[in-house]
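# Residue-level structure breakdown
The residues making up each chain are set out below.
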Amino acid sequence: MHYTQRLEDLRKDKDLTQEQVAQLLELPREQYRRYETGLNEIKASFIIKVCKFYNVSADYLLGFTNTYHPLPKD
């Protein structure tokens, strides 16, 4: 699965709009939309932020695995 689809699926699983996620991640909505649609390449800092927000591993977010793994607790 491509990461753009995973981003959209994670957002929809939480019943959130792009606008809501963008606000929570402190991004302009248009920037978030471009990440989710693949128009902009995602940066490592965004990957980290999204993984923490959704409590998922980067492997899951990026589609290297279909097995959900929550982040380890500190």
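Look up: the structure comes first, before these words.
All of the points below concern the structure found in this document. (Residues numbered from 1 in each chain as written. Predicted model: local features only at pLDDT ≥ 70, side-chain atom pairs only at ≥ 80, totals over all residues. Heavy atoms only, no water.)

So, about helix 1 (residues 3-13). Taken as a whole, helix 1 has its buried residues at Y3, T4, R6, L7, L10 and R11. Along the axis of helix 1, the buried residues cluster in a sector spanning 165°; they form a single face. Residues of helix 1 that are buried sit in contact with helix 2 (18-24), helix 3 (29-37), helix 4 (44-54) and helix 5 (58-61). Once helix 1 finishes, D15 follows within two positions and takes phi at roughly 55°, a positive value. (Buried < 20%, exposed > 50% of the residue type's maximum accessible area, 1.4 Å probe, protein only. Helix = DSSP H or I, 4+ residues; strand = E, 2+ residues; numbered from the N terminus. Arc of directions from axis to C-beta. Contact = heavy atoms within 4.5 Å.)

Taken as a whole, this structure holds 4 aromatic pairs when the rule is applied. Judged by centre distance (4.7 Å) and plane angle (75°), the ring pair of F53 and Y54 falls under edge-to-face. The exposure class assigned to F53 is partly exposed, which follows from its relative accessible area of 30%. The class for Y54 is buried, based on a relative accessible area of 4%. An aromatic cluster is present here, built from Y32, Y35 and F46 joined pairwise through their rings. Over the ring of Y60 we find R6; its NZ or CZ atom is 3.9 Å from the centre of that ring. (Phe/Tyr/Trp six-rings, centres within 6.5 Å; stacked < 30°, edge-to-face > 60°. Lys NZ or Arg CZ within 6 Å of the ring centre and 35° of its normal.)

By the definition in use, this model includes 5 salt bridges. Here R11 and E36 are joined by a salt bridge, their closest N and O atoms 2.8 Å apart. Note that R11 is positioned in helix 1 and E36 in helix 3, a separation of 25 residues in sequence. Neither residue differs from the other here; R11 and E36 are each classed as buried. (Salt bridge = Lys/Arg side-chain N within 4 Å of Asp/Glu carboxyl O.)

In this section: unusual backbone geometry. Even without being a glycine, D15 presents a positive backbone phi close to 55°. Its location among the elements puts D15 in the loop between helix 1 and helix 2. A positive phi angle, close to 55°, is found at N55, a residue other than glycine. Here N55 shows up in the loop between helix 4 and helix 5.

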